[in-house]
Structures are given as structure tokens and as C-alpha cells.
Amino acid sequence: MNNFSRSRLSLLIALAAAGVNQGAMAQQAVDAAKIDGAAVEEIVVMASPIRDSQKAAIDAKRDADNNVDIISADTIGRFPDQNLADSLGRVPGLAIERDQGQARYINFRGAPFRYTALAIDGLSIPGAENGRVPRFDSFPSVITSRIDANKAIMPNMPGEAVSGYINISTFDPFAKEGWAFSGDVGMGNQQLGDGDIEKLGLRTSWSNDNFGFSLFTSENSREQTTDNREYDIERDTSGELLVNELDFRSYKVTREDRAYGGRFEFRGDGALERVFISTLYNEFQDFEERNQFVFDFAGGAEAVGAPQATGAVGENQFALVGRALEYGLYENSTFTNTLGADLALGEWRLESRVNFTETENNMFLPMPRSMGGFVMASFDVSDLYDPAVDNLIDPRAQAPIGMNDINYAVDLGMLIGTKMDIDATKFKLDAERDLMLFGQQSVLKTGVELDAREAEGYGTVFAMGGIPADVDISSFATSEAWESQFSNGIGATYYDNKALRKAWDTAAGGLTLTPNASQAIRIEEDVTAGYAMVNTDYSWGNLVLGARVENTDYLSVGPTGNFEDSFTNVLPSAHLNVDLTDEVKLRLSTSTGVSRPTYSEWRGADMVDMLQGSVMAGNPQLEAEESWGVDAAIEWYAGSASLLSAGLFSRSIDNVIYAESGVIAGDEYLPEVGRDSWTYTQYVNGSNGEMRGAEFNAIAQAADFLPVLDGFGISANLTLLDSEFETLDGRRHSLPGTSETIVNASVFYEMEGISVRLNHQFRDDWLSTTENVGMNDYWAAQKRVDFAISYDLPTPVFGADVTVYANANNLTDEQDVRYTGDESTPNQVESYGRRYLAGFRVNF
């Protein structure tokens, strides 16, 4: 166990003991009646059983003025979710993209990550990686009272929410008068590598009639081994398999996330209804040790002038061998602070917000790399998902040789890094008032928003030099065999990467990465927005009409000059909600949106990688993507806590941004370097983008249909998707992130304090990225089976309600596979094993 976890566990015990005298537990509530989100009533969720929590979320959806799905904090806690991305992955139309088994990104309705906007308490925040793309693996559940996944975008929501707008509501200190305390502590195991998992979340609050505050902290740690095999295989003109290269990797990873923050608030009885200040800091760190061996069979055959073997099995083939060892860090953080005031001025109600957000994203990977090893070896890829290499022979001595005894022609030191810092200042003012419009009761809402951002950093930078002569890389080899679910015929053992990096750092007098001017990113962006909308009630439902106007000014600074531009988008929308009966609601809507280029795409420079022979060109003249779409949904609110719904949607997207890659001759780009060719990639605008789909959702409590099965229930949804866009040369591709089929299904039972859930998730193949020649890299279909069980103790323990729980993730031990073209030519297979966690929650 890490030292921080021991100290936090002691703190939890001490706080729990102190909290016993603060009073018995009361229900937690969320004040969700906000101008800048879907219009819903306050819902009580945290201390309720699943049925009550589910009912509150369903009621909030029913009362909303747009198509939205809502997840309550209690529902998050009852599932075996590792982070908020896992929670969102159960919403109809949303799919997860993982990194080394951990949910990180969201494809909202099959759209690229950038089409989703993320907000905290109604204030959108920049994506730490590139200004646009939100990550959900660093936001812990302790901060969350509920999540709104808005599918039909209203004028009071950001225009950049092309496919969806996700709003995370934090806890309200006035949910319970007096003191309240809750804690969640858990420990577990990551099966592959026998890694420790630790979870800690604490939250306390106090309030009276006028003053209140809440404080929270969360720290999570996860150790794991990721087993990875990567390939360069293809088929020749006759269909025979060519094994060009096999890449064996084992990663030892420690991932930590932490969050701290709180809110201090005053509520008045006069014109000043509320004043508050809130703060949230969250950080994600990924400490990575890489052990990697690459067998280049194509290069080995070429080196000796021998023909390359064809077929899935090759005996005694020549191979060039490379070795890479790394101990590095990926990290990102968000620090957001808000000052807010709500006022009642005559017939007007006003909400004003000033927000300051800083995000940081850094990667630094020092990697000793050895090249020019030479062996004879046999390979077998009959099982494409478990490639094997064995029978290593030293060609010179004609004798067997171990992996750690291979001699390399050269030892190099590679530094890889990237950095992006964003400072954002936002002012937001919303106002609303009641009025009669053509004899109908209506609400007028209007507002302005000023969002100023500065981004500075650099893209992925490579630097290479020699390893100091007094650092013997081979001396850091250990006898510890790789933790692996694949074949380890090469007999790979781990190196002491941490000690190796320390020795290299000491010998070199420090390891630093200095980007050149061509790799720098500096963007200044100002978005000024205003909106107006009218919500009119009728006997049969309501109609929301309005528009948002956004003006964007941006400056991209480059080494050869600056580029600046300004453009304006008018974004109308309409939302019709019809109560067909007391239980059935029909929703029809149309909305528009704009997706601006990421800061990496808008940069005014080319990133040149001399080692790989590649160029990634920025394009400050990229146009923003513009969308128009329609949504239709019918919802049946069956019983008191059940919902059946079906929906259709479509989006048309112009100026689709994608990466166009190709191979160009060396004399066409930097001819003075003398390369034969470059792989040149530039971001450009395509056209004729389309997204369409159908969603089916069922949340059913057996008590609403078959009372004899009271306690049982299901939550299931099916999404069918399709997308495409047209490239500059007329080719058509799907949008990155579009799986044609997404399925989520949960079966649960809850009675007498016992809660049991079995959850299944599935998504079929999807285009990974456009940033490669041919745009034909895909993730293969993925599925996950997770299990959760919890028990609410029947009597308080020292005045606290206590729940004990156990979760299991990836029960079927799935692998993640990526391929080029089709599944007969995979380029990556990744395994990480099952995950187990057990713990307890307390509430005072």
C-alpha cells in the first residue's frame, strides 16, 4: 500500500469517529434548478435505495425541456465504476474508449471526442489535452451529485456541443442542515501483475438557514501490468502472410488521481439570493515503465540478402532486434474556481458567474533505446492474438542466446515529450423572467458569455543522443520474468527502469527536453456569446424556441508569422415536448452547433520528427465544423420508477476536420536533410459529414409490472449508428469513434439492503483515428462484464449508516485489439486482466 493511502485511511477513521456526535444521517439532495442546465427539480438521491434514486433521475428527465439522460450519484455508486467515463458509458448512445483497460474518453452518439462539451455546474471548461477533448478518467465520483448528458442542445448551452453536452453537478452544502459527513474507502487487486488498488473519498458539509460550506477530497491509486503485442504484418499479392515485425511490450503502470475542493455559500432572503465561491482541483498521473523488444524479420532478411519468409510460421529466420526501456510520466490537471451570485431584481432572476480555469497536460518519457541486435529466431502467428517468437540463436556463434545477452550495435537516449498549458477566464450572466406570450404562460431566458483562453506548449517532441559511456544498460536487467497472459518464448525479464533512469539522469547532469520553434503551440482565443430563448407552456406540453450567437476571434502564433481570424455562428434551435398521455411524452427538436479546431490543429507550425521521418503540419486556416440536426424521441414513464423510450437522431456536418496523410519525396520537404521520403500529415477540412442513429432504452423495476418479482429490475439500451464524411479527393470514411452497434445491459436485485448488479457492455468496431496513411486503423469490437454487490447494514454503527461493497471488472478477461484494414492483420493486442475492489461507505 502507498504511504499516502495509509495516512488517508487513518484520517478517515479519525474523521468518522469525530462525526459520530454530529447527528444521524439525512438524505443528500441536489439543487438542480439552474438556468444554464436542463430545467429539473431538486432530487434526493444519495441516501435512497436504487429504486428511489432511479425514480428521482427518471422524474428529472421527464420534467426536462430537452432530450437528456440523467445519472444520479447513488446510481454511480451502485455500479462497479472506476470513474465517470464508466458511468457515462451506460447512457444510451454513449460508448467508452479505453486506455490500457481504463475508461477515458466518450464517443457521444458515435461522434469524435471533440463533439462533446464538458461543464462543471454549468460552466464549460477546456479539455486539458488540446483545448477541446474532455477526459473523464480524472473526475472522481465524490464531487458528483448527478450527471446530465444532454442530447438535444438548447441556446443556453455551448455551441461546441455538436453531439452532446455533459454537465457535472457538484454537491450542495444546503442539502442537509447541520453537519454531514460521508466517506468511501476501498482496496483491491489488479489480477495481471498482482497490483494494488486503493480508493478513498471524503466529503463533509455544514449549513444553517443562511450559511453553508462543503469540502471534499479523493485519492485513488491503481497498479497494473499491461501486456502488449504490436505487429507489422501484411499480405502479399497472392494473399500470403508477411510477418515484417513483431513487437513485445510489458508495461508496469501506476495510475493515481486526486481531487480537492469545496464551496462556501451565503443565501439571503432579499434581492441577494445567493453568493458563493467554489474551487476544484483534480489531477491524473500515469507513471509508466516500459520494457520492449522488437524483432524486425523483414530487416533481418534484407540485411543478409535472404528472402523473407511467408506464412504464419517461420523457422530460424534472421531478425534485427531493438530494445527500449522507459520510466516516464503522463499527467494532466484542472484547477477551476468560480465566484457566483444569484439576484432577484423585480421580475427578473439573474445568475452571474466569473470563472478562472487552468489546465496542464504534460508527457515526459526518457527512453534508453538499443538498436542493431542480430539473431536468428522462429516465429508463429497462427494465433494472431498470441504471437510467439522463440529459439533465439546467435548467428555468429551458432548457439542459443538469451534476450539479455544480445549485443546491440548502438545505445541511444531518446526523450519524448509534449506540453499544453491553458488559462481560461469566463464571465457568464443569465437572466430569466415570467411573462404572458399570446395568452400563454412563458419564461424568457437570455444571457451573455465571454470566454478568453490562452494556450501555450508544444506538440510531441523527439530528441535523441548517446547514452553516457558509464551507463551500462544491460547491467540493469533483473531475473524477474514478465507478467504475461501471452507466450513468453523469448524469455523476457524486466529491467530496473527506475534505477536506469536515475543513473542516466545523474551521468547526463539532468534530462531536459527543449522544443524548437517549429514545435511550439501558442493560441489566443476569445469567444463572445449571447442567447435568447422562450419556453411557453401549453395544456399539451411546452415549446422552447431560441437562438445563440457566438463570435470567435483567434490568433495562432507561428515561427514564420502569425495568423488571426474572426468568424460568427448563429445557432438557432427549437424543442417541442408533447404530453400524449399522462405517462407518454413525445419530443421533437432541431439544433445547430459549431466545433472549433483543437489547439494542436490550429497551431501555426509543423512538427518534424527526424527520427521517424514524419511531419505533422498544423493549419491555422482550418475552418470550424458546423452542424445541423434533428432529434425525435418517445418516452413511456411506466409505473413509478420505470421508463421505456425510443429515439431517432441525425446530424449534418460541414467542414469536417480530419488528418490527411501521405508519403512525399524527400526533395519536396526540407531537401537539405537528405531523406528519401517523409510521411506528411496535415489537418484539412472535408465535407458532407453525416451522423444518424436510433436509440432504445428500458429501465424497468419488476414491481411496476410483476409485483411478485419485487426487487428485480433491468436497465438496458441499444444504439444503432452510422456516420460518414467525404475527404478532399472524394473518398468516404466513417467518423472516428462510430460503432454501428452499442449495447448496455444490467440486471439487478435490491431488497432488504442487499443490492446485486451484473452489467454487460458491448460496442462493435470503430475507426480509431484519421492520423495515418489510408485512414484504416480500427479498434475491434469490445465487450465488458462487470459485477457489483453491496449490503446496507440494518442498524447504524456509532450513529452512521454503513454500506459494504465488492466490485469485479472485466470478469471475462477481455483483450483490446486494434487492426489495419481488417481483423486478419491486427497491429496491437493488449491484455491487463481482471480487477477486484472491496470497501465500505459511511454516511453521518
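Since the model is a prediction, treat every value here as computed from it, not as a measurement.

**Side note on the overall build of the protein chain**
- Regarding its fold elements, the protein chain presents seven helices and 44 strands.
- Its C-alpha atoms give the protein chain a radius of gyration of 28 Å, within 12% of the compact-globule value 28 Å for 844 residues.
- Seen through its principal axes, the protein chain has C-alpha atoms that stretch 90 × 60 × 55 Å.
- The burial tally for the protein chain puts 57% of its 844 residues in the buried class.
- Sequence separation of at least 24 residues holds for 72% of the intrachain contacts in the protein chain that already meet a minimum separation of 6.
- Of the roughly 31700 Å² of accessible surface on the protein chain, a fraction of 54% belongs to carbon and sulfur atoms.
- For the protein chain, the separation between the mean place of its 64 positive charges and that of its 126 negative charges on side chains is 4 Å.

**Side note on a negative patch on the surface**
- Taken together, the side chains of Glu358, Glu360, Asp423, Glu454, Glu456, Asp526, Asp553, Glu564, Asp565, Glu623, Glu626 and Asp654 present a region of like negative charge at the surface.
- Elements with a minimum of two residues in the negative patch: strand E16 (348-380), strand E20 (440-466) and strand E25 (561-579).
- Its place among the elements puts Glu456 in strand E20.

**Let's talk about the sheet that holds strand E31 (residues 657-665)**
- The four strands are arranged E27-E28-E32-E31 in an open sheet whose pairing can be described as mixed. Here the strands that pair on one side only, and so sit at the sheet edges, are strand E27 (606-609) and E31. Neighbour-to-neighbour, the strand axes of the sheet open up by a mean angle of 20 degrees, direction not taken into account.
- Here strand E28 (residues 614-617) runs beside strand E32 (residues 677-685); their pairing, made up of four bridges, is parallel. Across the sheet, residue Ala617 finds its bridge partner in E32, namely Gln682.

**A look at the sheet that holds strand E7 (residues 123-124)**
- Strand order in the open sheet formed by five strands is E3-E8-E9-E6-E7, with mixed pairing between adjacent strands. In this open sheet, the two strands that pair with only one neighbour each are strand E3 (68-72) and E7.
- One ladder, built from six bridges, connects strand E8 (residues 144-150) with strand E9 (residues 164-170); its direction is antiparallel. If you follow Ala149 over to E9, its bridge partner there is Ile166.

**Quick notes on helix H5 (residues 297-304)**
- Listed as buried for H5 are Phe297, Gly299, Gly300 and Ala301.
- Here the buried face of H5 lies against strand E13 (241-267), strand E14 (272-296), strand E15 (313-345), E16 and strand E17 (388-394).
- Taking the backbone nitrogen of Ala298 as reference, a side-chain oxygen 3.4 Å away marks Asp296 as the first, capping residue of H5.
- Downstream of H5 by one or two residues, Gly305 has phi in the positive range, about 70 degrees.

**Description of the pairing of strand E11 (residues 195-207)**
- In terms of burial, E11 is largely enclosed, as ten of its 13 residues are buried.
- The pairing of strand E10 (residues 178-190) with E11 spans 13 bridges and is antiparallel. Residue Gln190 lies in a different strand from E11, and its bridge partner there is Gly195.
- Joining the antiparallel neighbours E10 and E11 is a turn of four residues, in which Gly193 adopts a positive phi near 90 degrees.
- Two elements, E11 and strand E12 (residues 211-235), share eleven bridges in a ladder whose sense is antiparallel. Across the sheet, residue Leu202 finds its bridge partner in E12, namely Thr217.
- Hairpin remark: E11 followed by E12, antiparallel, with three residues in the connecting loop.

**What to know about the side chain of Arg453**
- Mapped onto the elements, Arg453 comes out in strand E20.
- In this structure the side chain of Arg453 is engaged in a polar contact, spanning 3.3 Å, whose partner is the backbone oxygen of Gly131.
- Only 3.3 Å separates the side chain of Arg453 from the side chain of Asp451, close enough to count as a polar contact.

**Here we look at helix H6 (residues 497-508)**
- In this model, H6 (twelve residues) spans 16 Å end to end at C-alpha, consistent with the 16 Å of a helix rising 1.5 Å per residue.
- Check the buried side of H6 and you find it contacts E14, E15, E16, strand E19 (410-437) and strand E22 (493-495).
- Remark: Gly509 follows H6 within two positions and exhibits a positive phi of approximately 75 degrees.

**A short note on the packing of aromatic side chains**
- Taken as a whole and judged by the stated rule, the model has 22 aromatic pairs.
- Relative to Phe563, the ring of Tyr554 lies with its centre 6.2 Å away and its plane at 40 degrees, an arrangement referred to as tilted.
- Tyr554 gets classed as buried once you look at its relative accessible area, which sits at 4%.
- On the basis of relative accessible area, Phe563 is assigned to the partly exposed category, the value being 25%.
- Judged by centre distance (6.2 Å) and plane angle (25 degrees), the ring pair of Trp766 and Trp779 falls under stacked. Placement of Trp766 in strand E38 (residues 766-767) and of Trp779 in strand E39 (residues 777-779) is noted, with a sequence separation of 13 residues between them.

**Thoughts on the pairing of E13**
- A large share of E13 lies buried, amounting to 20 of its 27 residues.
- Relative to E13, E12 is paired through 25 bridges, and the arrangement is antiparallel. Bridging across to E13, Asp227 finds its partner in Ser250.
- The loop that links E12 with its antiparallel partner E13 comprises five residues; one of these, Gly239, has a positive phi angle of about 90 degrees.
- Relative to E14, E13 runs antiparallel, the two being bridged by 23 bridges. In the strand pairing of E14, Arg263 is matched with Ser278.
- What sits between E13 and E14 in their antiparallel hairpin is a turn of four residues.

**A few points about the confidence of the model for the protein chain**
- On average, residues of the protein chain score 88 in pLDDT, and 92% of them are at 70 or above.
- Contacts for the low-pLDDT stretch residues 1-48, under 50 throughout, to residues beyond four places or in other chains number 121 contacts.

**Thoughts on the environment of Val313**
- Turning to its location among the elements, Val313 is positioned in strand E15.
- Of the residues examined, Val313 reaches a relative accessible area of 41% and is grouped as partly exposed.
- Placed 335 residues apart in sequence, Val313 and Leu648 show a C-alpha to C-alpha distance of 49 Å.
- If sequence neighbours within four positions are ignored, Val313 has contacts with Phe379, Asp380 and Ser382.

**A few points about the pattern of salt bridges**
- Scanning the entire structure with this criterion turns up 57 salt bridges.
- A salt bridge links Arg229 to Asp227; its shortest N-O distance comes to 3.2 Å.
- Overall, Arg229 belongs to the buried group, its relative accessible area being 0%.
- Among the ionic pairs, Glu265 bridges to Arg263, the shortest N-O distance being 3.3 Å.
- Judged by its relative accessible area of 4%, Glu265 is buried.
- Residue classification places Arg263 among the buried positions, given a relative accessible area of 7%.
- Ionic contacts of the salt-bridge type, sharing partners, join the residues Lys61, Asp69, Arg109, Lys151, Arg587, Asp631, Glu635, Arg651 and Glu695 into one network.

Cut-offs used in this document
- Residues numbered from 1 in each chain as written.
- Predicted model: local features only at pLDDT ≥ 70, side-chain atom pairs only at ≥ 80, totals over all residues.
- Heavy atoms only, no water.
- Helix = DSSP H or I, 4+ residues; strand = E, 2+ residues; numbered from the N terminus.
- Rg over C-alpha atoms; globule rule 2.2 N^0.38 Å.
- Buried < 20%, exposed > 50% of the residue type's maximum accessible area, 1.4 Å probe, protein only.
- Contact = heavy atoms within 4.5 Å.
- Areas by Shrake-Rupley, 256 points an atom, 1.4 Å probe, with all protein chains shown as cover.
- Lys, Arg positive; Asp, Glu negative; His and termini not counted.
- Charge placed at Lys NZ, Arg CZ, Asp CG, Glu CD.
- Patch = residues over 30% accessible without salt bridge, like charges linked within 9 Å, V, L, I, M, F, W, Y side chains within 5 Å.
- Salt bridge = Lys/Arg side-chain N within 4 Å of Asp/Glu carboxyl O.
- Pairing = 2+ DSSP bridges.
- Axes fitted to C-alpha atoms, helices over the stretch in contact; angles between N-to-C directions.
- Polar contact = N/O pair within 3.5 Å; in protein donor to acceptor, adjacent residues only side chain to side chain.
- Expected span 1.5 Å × (residues − 1).
- Phe/Tyr/Trp six-rings, centres within 6.5 Å; stacked < 30°, edge-to-face > 60°.
- pLDDT = per-residue confidence, 0-100.

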